[in-house]
Every structure is written in structure tokens, then in C-alpha cells.
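Commentary on secondary and tertiary structure
Listed below, chain by chain, are the residues.
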Amino acid sequence: MNEATTGRIEKKFKFLKKEGRAAFIPFIMAADPTLDVSLEILKGLPAAGADIIELGVLFSDPMADGPAIQSAGLRAKSAGANLHQTLSMVREFRKVDDITPIILMGYYNPIYIYGNEKFLIDAKNSGVDGLIVVDLPPEEDKELCLPSLEKGIHFIRLATPTTDENRISTVLTNTSGFVYYVSIAGVTGSKSARSDEVRAAVKNIKKYTELPVAVGFGIKTPEQAAIVARSADAAVVGSAIVKVIENNIDETGAPSDNLVDNVLEFVSSLSRGVRESR
Amino acid sequence: MTDKFSNSYKSGPDKEGHFGIFGGRYVAETLMPLILQVEESYAKAKSDPEFDRELKYYLEHYVGRPSPLYFASRLTEFFGGAKVYFKRDELNHTGAHKINNCIGQILLARRMGKKRIIAETGAGQHGVATATVCALFGLECVIYMGAKDIERQAPNVFRMKLLGAEVIPVKSGTSTLKDAMNEALRDWVSSVENTYYLIGTVAGPHPYPAMVRDFQSIIGKEVREQILKTEGRLPDTLVACIGGGSNAIGLFYDFLDEADINLIGVEAAGHGINTGSHAASLNGGVPGVLHGNRTYLLQDNDGQILDAHSISAGLDYPGIGPEHSWLHDIGRVNYVSVQDEEALEAFKLCSRLEGIIPALEPAHALSHVSRIAPGLPDNHILVVNMCGRGDKDVFTVADSLGVVL
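Model, not experiment: these values are computed from the prediction. (Residues numbered from 1 in each chain as written. Chains lettered and ligands numbered in written order. Predicted model: local features only at pLDDT ≥ 70, side-chain atom pairs only at ≥ 80, totals over all residues. Heavy atoms only, no water.)

**Considering the overall build of chain A**
In plain terms, the rule: Working definition: helices are DSSP H or I runs of at least four residues, strands are E runs of at least two. Numbering for both runs from the N terminus. Using C-alpha atoms as the atom set, the radius of gyration is obtained and then compared with a globule rule of 2.2 Å times the number of residues to the power 0.38. Partly exposed residues are those whose accessible area sits between 20% and 50% of the maximum for their type, while under 20% is buried and over 50% is exposed, using a 1.4 Å probe and protein chains only. By definition in these notes, contact holds between two residues if any of their heavy atoms fall within 4.5 Å. Using a 1.4 Å probe, the Shrake-Rupley method yields the accessible areas, and only the shown protein chains count as cover for residues. All tallies of charge rest on Lys and Arg as positive and Asp and Glu as negative; His and the ends of each chain are not included. We put the charge of a Lys on NZ, of an Arg on CZ, of an Asp on CG and of a Glu on CD.
Regarding its fold elements, chain A presents 12 helices and 9 strands. On C-alpha atoms alone, chain A measures out to a radius of gyration of 17 Å, which is about the 19 Å that the 2.2 N^0.38 rule sets for 278 residues. Seen along its three principal axes, the alpha-carbon backbone of chain A occupies a region of about 50 × 40 × 35 Å. Sorting the 278 residues of chain A into buried and exposed places 63% on the buried side. Taking contacts inside chain A between residues at least 6 apart in sequence as the whole, the part at least 24 apart equals 73%. In the structure as shown, chain A presents an accessible area of about 10900 Å², 51% of it carried by carbon and sulfur atoms. Considering chain A, the positive charge centre built from 31 side chains and the negative charge centre built from 36 side chains are found 6 Å apart.

**Considerations on the interface of chain B and chain A**
Selection criterion: Computed with a 1.4 Å rolling probe, the buried area is the accessible surface lost when two parts are put together, summed over both parts. In the sections that follow, a salt bridge refers to a side-chain nitrogen of Lys or Arg positioned within 4 Å of a carboxyl oxygen of Asp or Glu. Polar contacts here mean pairs of N or O atoms no more than 3.5 Å apart (in protein, one a potential hydrogen donor and the other a potential acceptor; neighbouring residues in sequence count only if both atoms are side-chain atoms).
At the interface, 34 residues of chain B touch 35 residues of chain A. Taken together, the two surfaces of chain B and chain A that pack against each other cover about 2900 Å², and 52% of this comes from carbon and sulfur. For the pair chain B and chain A, the number of links is 3 salt bridges. For K178 of chain B, the salt bridge identified is with D61 of chain A, shortest N-O distance 2.9 Å. For the pair chain B and chain A, the interface holds 21 residue pairs in polar contact (both at pLDDT 80 or more). Among the elements of the structure, β2 (22-26), α1 (32-46), α8 (177-191), β11 (286-290) and β12 (292-297) of chain B are those that each provide at least two residues to the side of chain B that touches chain A. If you tally residues by element for the side of chain B that touches chain A, the top one is α8 of chain B, at 8 residues.

**Describing the packing of aromatic side chains**
Both the distance between ring centres and the angle between the ring planes are used here to describe each pair of aromatic rings. As a reminder, the rule being used: Pairing of aromatic side chains requires ring centres within 6.5 Å, counting the rings of Phe and Tyr and the six-membered ring of Trp. Pairs whose planes differ by under 30 degrees are stacked, by over 60 edge-to-face, and all others tilted.
Overall, the coordinates contain 18 aromatic pairs over all chains when judged by the stated rule. Each ring, one from F59 of chain A and one from Y107 of chain A, has its centre 5.7 Å from the other, and the planes form 35°; the classification is tilted. Linking F59 of chain A in the loop between β2 (53-56) and α3 (67-78) with Y107 of chain A in the loop between β3 (102-106) and α5 (108-114), this pair joins segments that are 48 residues apart in sequence. On the basis of relative accessibility, which here comes to 6%, the residue F59 of chain A falls in the buried class. With a centroid separation of 5.8 Å and 65° between ring planes, the pair formed by F78 of chain B and F79 of chain B is classed as edge-to-face. Here F78 of chain B falls in the exposed class, since its relative accessible area comes to 52%. Note on F79 of chain B: relative accessible area 8%, which makes it buried.

**Structural notes on the sheet that holds strand β8 (residues 195-197) of chain B**
Residues and elements named next belong to chain B. Test applied: One requirement defines pairing of two strands: DSSP has to find at least two bridges between them. Axis lines are fitted through C-alpha atoms, for helices just across the contact stretch, and the angle between N-to-C directions can take any value from 0 to 180 degrees.
Pairing is parallel across the open sheet formed by 4 strands, whose spatial order is β7-β6-β5-β8. Of all the strands in the sheet, just β7 (166-170) and β8 have a single pairing partner and so form its edges. Pairs of neighbouring strands in the sheet enclose a mean axial angle of 25°, with direction left out of account. Pairing geometry for strand β5 (residues 116-121) and strand β6 (residues 140-146), over 6 bridges, is parallel. From the neighbouring strand, A119 faces β6, where its bridge partner is I143.

**Considering the pairing of strand β10 (residues 262-270) of chain B**
All names here are of chain B. Worth spelling out the cut-off: If you view a crossover with the strands going away from you and the path from the first strand over the helix to the second runs clockwise, you call it right-handed.
Across the 9 residues of β10, 8 count as buried, placing the element largely inside the fold. Strand direction decides the pairing type here: strand β9 (residues 237-242) and β10, joined by 6 bridges, are parallel. Across the sheet, residue I242 finds its bridge partner in β10, namely E267. Read as a crossover between parallel neighbours, the route from β9 over helix α11 (residues 246-252) to β10 is right-handed.

**Description of the state of the cysteines**
For clarity, the threshold we go by: Put simply, a disulfide is two cysteine sulfurs that come within 2.5 Å.
With the rule as written, the count across this model stands at 0 disulfides over all chains. C350 of chain B takes part in no disulfide bond, and the closest cysteine sulfur, belonging to C387 of chain B, lies 12 Å away.

**Notes on the nonpolar core**
Cut-off, in case you're wondering: What makes a nonpolar core is a set of buried Ala, Val, Leu, Ile, Met, Phe, Trp, Tyr and Cys residues whose side-chain atoms join them at distances within 4.5 Å. Here the bounds of each domain stem from an automatic or database domain assignment.
With 97 residues, the main nonpolar core has F178 and Y180 of chain A together with I106, W188, Y196 and Y197 of chain B as its most contacted residues. Two domains each donate at least three residues to this core, and these are domain 1 (20-59 + 98-212) and domain 2 (67-95 + 217-400) of chain B. Membership of the second largest hydrophobic core comes to 70 residues, among which are L55, V90, A225 and V267 of chain A.

**Examining the pattern of salt bridges**
Two side chains with opposite charge may pair up if their charged atoms get near one another. Across all of its chains, the model carries 46 salt bridges over all chains by this definition. A salt bridge links E19 of chain A to R21 of chain A; the shortest N-O distance between them is 3.2 Å. As a salt-bridge pair, D89 of chain B and R65 of chain B come within 2.9 Å of each other at their nearest N and O atoms. One end of the pair, D89 of chain B, is in the loop between β4 (83-87) and α4 (98-111); the other, R65 of chain B, is in the loop between α2 (49-63) and β3 (69-71), and 24 residues separate them in sequence. In this pair, the class of D89 of chain B matches that of R65 of chain B, namely buried. Shared partners join several salt bridges into a network, and the residues in it are R8, R94, D98 and D129 of chain A.

**Examining the pairing of β3 of chain A**
Residues in a regular strand project their side chains so that they alternate between the two faces of the sheet. Residue and element names in this part refer to chain A. Counting buried positions along β3 gives 5 out of 5 residues, so the element sits mostly inside the fold. Of the two faces of β3, both are covered, the one formed by I102, L104 and G106 as well as the one formed by I103 and M105. With 4 bridges joining them, β2 and β3 adopt parallel strand pairing. When the bridges of β3 are listed, L55 appears paired with L104. Note: β3 against strand β4 (residues 130-133), 4 bridges, orientation parallel. Paired with M105 across the strands is I132, a residue of β4.

See the structure below:
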């Protein structure tokens, strides 16, 4: 018998359905560029229009990420990021926001080393609602996916352009919260998919599941976010946002005074794109 | 451990690619369909006599197999103990054991209809072997190599280019082998349709560890035949160096079930395991998940992968093949380690006494032989895998010895 989830993701999509619009999901890397600045950005995201937040967990070898998120990871690493700290960031956030769902996104090894069982307990107690673990395909469900569902933490699976008809049900079997459609065969922040292909792919996934379908990878502008938001239940933007962080750091690695404002302003523009799309 | 492992050490991995708790398929969903396709195609090829015929043809006529099993009489005399034999895989075309695996995988890639081959390389040996087989079959070849490794292995970079490969310097992360592997995986995620990833060692997601082992296991099979012919019995001890572990598993695999044969894997201890500057994943790491499999890794308390160090670029990797992790945990193979300085001594000794300049990788294995051979009886048969020749290392060695070329 699975424990109850936090319910935040379900409530959010129910609310958005009533509003008749898609969700906007920004991604930031925890502790990029520093722990304090990152926490300030995190706390400012809901007011800037984030419906759900993806918080990146540092890993030294991010094999599915392009240069922008790799650099974000290097900045977080120099800032001394680790998983314990990321969870404490979530706890700080929950003191001011108990509605916006938070999803941790990253790779398996830091969680495995933290200890799966302990991690799931600590994550839930910290206010984490779901997990996206890039290198845990359905073939490894026993590792973390099933224990996560038992603990009431959503395990959000990635579907990709290479996920064919034979495989889609395997991918969806233990998926919960929503499905994340990776719109390109490629790394984060690289090329962008054609909108008609994305629309067809989302429609196809929806034949197999009642869950909301989010689309990410390759969405860089408010306009692109708007187009995706017309056919999907959520649009995810990561690389383009962390790029704004990168552009607001001087040669010594110090953040500029208006880094947080600039990031949140860009997030607002993306969010407006999503809100005004339908 | 599952029951099916109890009768034989050779029955792994299970169908999910696990050796005990190690191995598996920890990759992004984008790659999963292709990895399943590689597994299926390999299973088909393995049971196809035509594939076997082709493989044997190229191994004999192109690679130059079987490689000799050579009695190293002067070293044996010098040590004054065990009889030391060299399995001469450094005499293969391209100068190392790497080509055994490349021939196998390129034949598979061709069957799968892939037109573009990618690979990662550290020292450049696997890159050269991959570029070689791509030239042989007229396939596009892209090699990812850490920017730091490109600097210290310039001759191999030029060889790859001569062979028609594109060599892409990897500047992300620490600019070494693990980052080259990350970058190759990123390429693969972006090019799954037409590209085959030719992994050079017994690591990565299933089926690679098992497949690369199968292609390298010819080393041990030949040793069995050759030693029976010359000595009339099986060896007592087998020794091989370990980075990812492909030459070692290649030598050991055929002998895993002969419990009285002593198997020793030699890791690179760099400046010493207690200095933190080494590449000994089993002796100085803990289990974790990287590059598609669970295995012993060098990492910090937060699960971030650490840089490896070894004088030998081919051993300079923070992980090890999952089957070795399993053989380590169940105690079938004894894994020891040798430092840079010790490997250099063995490198010099072998060059002077046998007229064979070994690569720095097998110099590690040889160094351990120099520790144990003197204490063994003169009827003890010891085989060490001479898995690569030292030409590529002369600059590194000159540098370490303070010689300006």
C-alpha cells in the first residue's frame, strides 16, 4: 500500500485545468551561482509565474545535459552544493510557499550514495513532491521508482522521440504526477523540435495515459513556450534560464547586483508566453 | 546473488545485465531503445555461424591472432622463482588488445546498418583501434578524447587522423577519459538513428560489459591451448592490469571456474591510494552508478565522481567494469595495486631483460609479478598479459625519468 502523495502536483493541474491553461515549469540548478542567490531565485519563482519548479541536483557527470546546464553544475559545485544542502533549500522554500510543487531533477548516483531509503524520507519531509532521475529507465524500476511511489513521491518518467509504440506502455507503467516528453533526441538546450511533431507526440502519449504531459528540451523563448503550451499540459524551460544566470556573472565569478531580477524577469516573460497562449 | 550464479562464475550477467548487484542499464530513455537493439542484434550475431566465421577471419588475417605465448626466460631467471610467461597481445595489429573488441563490434555495427561510429579514448589506444576498423570498413569515425589526454598523447592523435577519424577534444569536466565518455554519450543521444557507440572496455550499460568480455575472452582461450601444448598443464597464476578491465577479463574469463587457478588483477595506485591521487576503484572506491552501470567508483561522500590519476593514461579512469566489481566482492579474483614508480621500474626491467618495451599498463601487472614471482616455486606457472606495447609511452617515461628528447 503506497503512502499518500503530498497532493501538490495533482492540485496544481486540477487548478490549471479550471483556468484552461498549461503549466509553466522553470528549471534552476540548486546553488547556482551561490546557495543564497539560488534560494532567492527559488523563492521568487512562483511570483514570477512558475506553476511547478524543477530544482536541479548537482552531479559531476551530467551525460544528458548540454553546455548551459553543465556550466550551471560547475558553478553550483564551486559554491559547494550537495544533496543535503539542496534538501535544506527546499525546506527553506516551504516556509514561504506550501503550494508550488517542487521536483528534484538529476542523476541517480548522488541519491544512491545518500541512501535511497533515507533520501526518500528526507525528501518528502523537506517538501519535495516528485523526482526526475534521468539515468533510471523503466528497466531499473526496482532501484528507486517503486520505493519512491511507495513513499508517496511522484516518479516522473521521460518519454522521448525514440520511445516507440512498443515501448510507450513500458515507459508509462510506473509513471506518476505527469509525463515529461523530451521533445528532441539530444541533450538539454540544444536544437528545438518542430511544433507539429511535438503536437503529434503529445497527442500520441495521451492515447495511453490520463496523466498531464509536460514538454521540455529546446524551449528557449516565450514564443516557443507559447506554442508548446497550446498542445501540452506544461512547458519546461531550463537551459535558457540558467544562461541568464551565466550572463549575469562577472569574470571573477561574482553575481551582478541585478542577477536575481534579471532571471525572474525572464521567467515572467516565459510564463506570460504560456499564460497568453490559449 | 541469484542461484544461477552458484554453479559457475561464467553464467553472468542475468538477463537485465546484472552481475550480482553490479552492471545494469542506467541510461537516459533516449538511448534505451537502441541499447535493447544492440542487445538483440548481438544475441543474434552470437548464434550465427557466419558472424563467427567473419570474426575468426579478421582476427587471424588482420589482427594476427593467435598472439604468441612467450616464456620470459631472463625475467624468470632474474626473479628466481615462478616460470613467467607473457601473452603477447602487444603484437596485435595496432599494438594492443583493444583491436580484438573493435573487430567484433564493427562487424556488429555493420550488421545493424550503422554508418557512423563514435568512441571515447583515454591514452588513444582504443581510439586508434576504432579508427583502424572504421578505415577498414569505410565508416565515418568520430573519437572523443579529453583535451588533457590529447596533449599527452599527441602521436596517437595523429595516428587517428591519418586513419581518417575526426578527433574531438573534450574540454568539459576534467578533460579526461570520463568526460570523453560523457561527451560520446551526449553525441549518441543526439544521433541514435545512424550512430553506433563502440565502447572500448567492459563497462557501460548492458550488453556492453558482457559483449566486450566475449570479444576479449579469446586471450584466455588461446592461453589455455598454448600452455597445454608447452607445459602439458594449466597455469597456476594469471596476472593482468586493470583500468576498465577488458584485457584482464579477457585473460581470466576462460579460467573462472577452475578454482585452483589464482587470478590477480592489478589496479593503478598512482601516487599511492592514501594520497587520493590514484585510479584504484576497487581498492580505493565504493559502489555507485556512472556511465550506465553500477560498479566501484572513485567518488566523494556526496556521490560526485573524483578524478583518477595514473601515469598510464589507459588506466586513468575512476571506474571499473561491473563484472570485476562482482568478482572482487565474491572473492574469485584478487585485486591488488601498483604505484606509478613501481610500474616505471618494471617498464625498465622488462625492456632491458627481455627486449620488450611494455606499455605502462601491463608494466603495472609486471610490477606485481616482480613482487610475487621470487617467492614462488620454480614449477609454478605464471602468465601475465602483455596487453600493449610501450611505443606510445616513451615520451611519458622520458619525462618521468627527467630525460629531454
